[in-house]
Amino acid sequence: SSGINAEYGGTGTGLLALYAAEAGAEFVVACECNKTMASIAKGVIKDNAHRIGTSSVVIETVESYELDKLNPDYRNHFNVIVSEIYDSELIGEGCLMTYKHALLNLASDDCIFIPRRAVLYAQPVYSDTLNNYFNNSMFSSPWEFHVDKIADLSVTGDEKEVWRWEFDIDSIASWTGSRDVAVCSDAMSNGVIVWWISDIDDDNVISTAPSFHSSFQEFRDHWMPLFYPIPPTKGEIYLHLNVTNLEISITPITSVPNESISRHLTYRHVGMLNSPKLLSHYLQTLLQNSTNFTRVYLIGVSRPETLVNLVRVNTCGTVEVLPPDVSVKEIKEECAGCVLVDTCDNPFCLTTTSYYYRRKEIESARSLFHSLIPSRMVLFVTLISSPQLRNRSIPPQTVDGFDLSWFSALVTECIAGLRGEDMLDPIHLWEYEYTALTEGIEVPCDSSESVSVVARAVRAGAVTNAVFSLGYWFGNELVRFGDEDYFDKIDCVTFVEEVNVEEKGEVLIDFKQTDRQKTSYNDS
């Protein structure tokens, strides 16, 4: 209806601001504190001016809680306020602080706030697959993934509402606090799954519920259910919830008094060692190399606390964490004669050539160190056939007829020279239907020259994609990421010109390596 003023926080490309204007809002203010994205949004708005008529769309390059200071006319001015969802646990990135400011300072008396409300649910489950994966659950953080993809997962008790938020001005006092909620399991459980259902308004709902729940939606692109591992338990499982203006923390507590089984981490990769099986490779290799050394250095760790403590417990040396931006030259000087542990923390490492070259430089200097763990990194490529992945395209050129070429141009520019014409798309491959047409072939990338490898097809089919995955050598054992034993690792998929192969037929794959001087680690 006419006369609506809308405010949207975190506009990105400006797409929702355009929707609001096209729907009849006379005046739309969209916030985007990232200056690059704000300039993109302004370009998108300009390109689509013919779609929004006389509506006015303003992009402000500030946080939403700075709007009323930037322009006093914005105070209590907006009939509609739209914000995004921030976390798989729903509450994250300081969203409650943002919501509170918007309702108190930007909303008119008749304001519609989107989302309207949200409810967080928990349910006990059991899975032998996950039991094997999280067999060292004391060191596992909650992990987000599509639990319904685990074939042997079964629910062991009823779902339980653990927190409810009404996003209106009268309910602000109930948004934060602490509580213990009991979730009852009727059979042996080794985990609790958590998901949310959010009412956008009185008619529209979005949900991260698993597929066996009535509220399941194909909402797969970002937020997912969470799995909290616990020791095998039957009966009451208490969840300790602590909600602040910044985020929510959920800690399952079993019958053992005060025993915290897992804890909230904003980044779920703790040096990639939330995989107990991978953790054991690191620790075993450390112990095998623990004679006559006094110092252990760790690189590639985003959140080092857990890993550092584990290494200290399991070795006799001093443990130090090098900063993420440490240069190879500094590594050689600092770590000579010591043990160097590379946690290979970046899950998207295949999407940046600089990471690869940096790792190879370190390997070329391995003789300087007492030992390098893991000792060598290997790149594998597999050709697959997947109808689901054949039609994935990045970036989008248009959405509902809105021209997003400003955004597409930015993405294309960012990946040019770094990943070539086709973007390597980091995904959990096991979520999709696909058939492997070749076995994984090691790519010889020690040379800066272009290389070719021959892949022999193990079955006939139409090749749609090439899948890249990493492997690391721990002593005499090769650990391949991307299989179900290490399924927190992310494969990278690129698109190839479709070609049909016969069983036992040969396919020649050419690789052209990019210029490492044109890339930097932070550009990834």
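In case you missed it, the structure is sitting above this.
Conventions we followed
Residues numbered from 1 in each chain as written. Predicted model: local features only at pLDDT ≥ 70, side-chain atom pairs only at ≥ 80, totals over all residues. Heavy atoms only, no water. Salt bridge = Lys/Arg side-chain N within 4 Å of Asp/Glu carboxyl O. Helix = DSSP H or I, 4+ residues; strand = E, 2+ residues; numbered from the N terminus. Buried < 20%, exposed > 50% of the residue type's maximum accessible area, 1.4 Å probe, protein only. Core = buried A, V, L, I, M, F, W, Y, C linked by side-chain atoms within 4.5 Å. Contact = heavy atoms within 4.5 Å. Pairing = 2+ DSSP bridges. Axes fitted to C-alpha atoms, helices over the stretch in contact; angles between N-to-C directions. Polar contact = N/O pair within 3.5 Å; in protein donor to acceptor, adjacent residues only side chain to side chain.

This paragraph deals with the pattern of salt bridges. With the rule as written, the count across this model stands at 13 salt bridges. The closest approach of N and O atoms between E22 and R51, which form a salt bridge, is 2.9 Å. On the criterion of sequence distance, the pair formed by E22 in helix α1 (residues 15–22) and R51 in helix α3 (residues 49–52) is long-range, its members being 29 residues apart. The partly exposed category is assigned to E22, whose relative accessible area is 38%. Overall, R51 belongs to the partly exposed group, its relative accessible area being 25%. One salt bridge in this structure joins R376 and E442, with 3.4 Å as the shortest N-O distance. With R376 in strand β18 (residues 376–385) and E442 in strand β23 (residues 441–442), this pair connects stretches of sequence that are 66 residues apart. The class of R376 is partly exposed, set by a relative accessible area of 27%. Each of R116, R117, E166, D199 and D202 takes part in one network of salt bridges that share partners.

The next point concerns the nonpolar core. Residues L96, L120, W165 and L241 are the most contacted members of the largest nonpolar core, which totals 45 residues. Per-element tally for this core: the top contributor is strand β12 (residues 226–243), with seven residues. Residues in contact with L96, not counting those within four places in the same chain, are I91, W165, F167, W175, T176, V243, T244 and N245. Core analysis: the next-biggest nonpolar cluster, separate from the first, contains 31 residues, L437, F474, V479 and V507 among them.

Glancing now at the sheet that holds strand β15 (residues 318–321). The parallel open sheet is built from four strands, whose spatial order is β15-β14-β16-β17. Strands at the two margins of the open sheet, each flanked by one partner only, are β15 and β17 (371–373). The mean angle between the axes of side-by-side strands here comes to 20°, regardless of whether they run parallel or antiparallel. Bridge count for strand β14 (residues 295–299) against strand β16 (residues 339–342) is four bridges, and the pairing is parallel. Paired with I299 across the strands is D342, a residue of β16.

In this structure, S108 sits in strand β5 (residues 107–114). With a relative accessible area of 15%, S108 lands in the buried category. Only 2.6 Å separates the side chain of S108 from the side chain of D110, close enough to count as a polar contact.

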